[in-house]
Amino acid sequence: MANGQWYPPEWPDRIRALADGTLTPVSPRRAATVLLLKDTESGPVVHMLRRRASMAFAGGAYAYPGGGVDPRDDDRLVRWAGPTRAWWAERLGVDESGAQAIVCAAVRETYEEAGVLLAGPDPDSVVGDTTGADWEADRAALVARELSFAEFLHRRGLVLRSDLLGAWTRWITPEFEARRYDTWFFVAALPEGQRTRNASTEADRTVWIRPAEAAAGYDKGELLMMPPTIATLRQLLPYATAAGALAAAPERDMTPVMASARLQDGEIVLSWPGHEEFTKHVPTAPTTAETTGGGPA
């Protein structure tokens, strides 16, 4: 493997099935993920987690805190600060209910997986230290879906701080994948007084790492990542501070990125629009490597 691009061994067969019409794509599930940033003397670092090798999807790959939308994330009881739901709907390309659900998912998943909460007692403040038995009990209840995010905020008298998020990009899992997500990526700065921890049962390691260092690890084949992860890391490289990245977010293009597969010169070409580094060439018939358990480089 020339780099750390995550490439499941079943993809070639599924791509061929999609191309010949024998595979029906599943509908993508809405999801949100957050590039949590903090400033250091050597520039901003981003919080990443490594998915356990035993995970069925992207096992061993580095990613950001995130996950699927909970059907209750559009609960109108959520106390809201920052841009209106209508503003977010236009920015994210969905209706107002969907916009709230996606923003809530971003904040909720960051708390569930990293212990960081983008909420405060009023529109101008953020909670401090979120460690402790009572906080952990609520976090565990959220993970188990025993408690909705709206109920959690209401119980603690908290306001969701949507102004602390910046919509960054949107990626949709390719049609040939068995598990598909329509994922909105956000950037946010670590609130003062809070600290991250590995609160995810899906991760075996978490790190704060400079985007350039993580990208270099990917390029050397040392860090495994999915295309959206390494693409967003490279997009962070121009920014000298977390605030700089957040300030740039409102101008970023939110047109969804989704891989496509096409037949060309006897092979299937897999490509992501605007991201040529991820292009793959898949034979139209299984190769010896594939039939013996290997896969394309």
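Residues numbered from 1 in each chain as written. Predicted model: local features only at pLDDT ≥ 70, side-chain atom pairs only at ≥ 80, totals over all residues. Heavy atoms only, no water.

Let's shift gears to unusual backbone geometry. Phi is positive for Arg 145, which is not a glycine, with a value near 60°. Residue position: Arg 145 is located in the loop between helix 4 (133-143) and helix 5 (149-156). A relative accessible area of 30% means that Arg 145 is categorised as partly exposed. (Helix = DSSP H or I, 4+ residues; strand = E, 2+ residues; numbered from the N terminus. Buried < 20%, exposed > 50% of the residue type's maximum accessible area, 1.4 Å probe, protein only.)

A few words now on the nonpolar core. Counting residues in hydrophobic clusters, the biggest one holds 41 residues, and the most contacted among them are Leu 92, Leu 117, Leu 165 and Phe 186. Mapped onto this core, the elements with two or more residues apiece are strand 1 (29-40), helix 2 (85-92), helix 3 (96-114), helix 4, helix 5 and strand 9 (181-189). In terms of residues, this core owes the most to one element, helix 3, which gives 10 residues. The contacts of Phe 186, once residues within four sequence positions are left out, are Ala 32, Thr 33, Val 34, Leu 35, Trp 88, Leu 92, Ile 102, Ala 106, Leu 165, Gly 166, Ala 167 and Trp 168. Listed in part, the 36 residues of the second largest apolar core include Trp 168, Val 207, Ile 209 and Ala 215. (Core = buried A, V, L, I, M, F, W, Y, C linked by side-chain atoms within 4.5 Å. Contact = heavy atoms within 4.5 Å.)

Strand order in the open sheet made by the 3 strands is 12-13-14, with antiparallel pairing throughout. Two strands lie at the open edges of the sheet, namely strand 12 (260-264) and strand 14 (275-283), each paired on one side alone. For this sheet, the mean angle separating the axes of adjacent strands, direction not counted, is 25°. Note: strand 13 (residues 267-272) against strand 14, 5 bridges, orientation antiparallel. When the bridges of strand 14 are listed, Val 269 appears paired with His 281. Together, strand 12, strand 13 and strand 14 form the strand contacts of helix 1 (residues 11-19), whose direction differs from that of strand 13 by roughly 100°. (Pairing = 2+ DSSP bridges. Axes fitted to C-alpha atoms, helices over the stretch in contact; angles between N-to-C directions.)

Function cannot be inferred from these measures alone, as they are strictly geometric.
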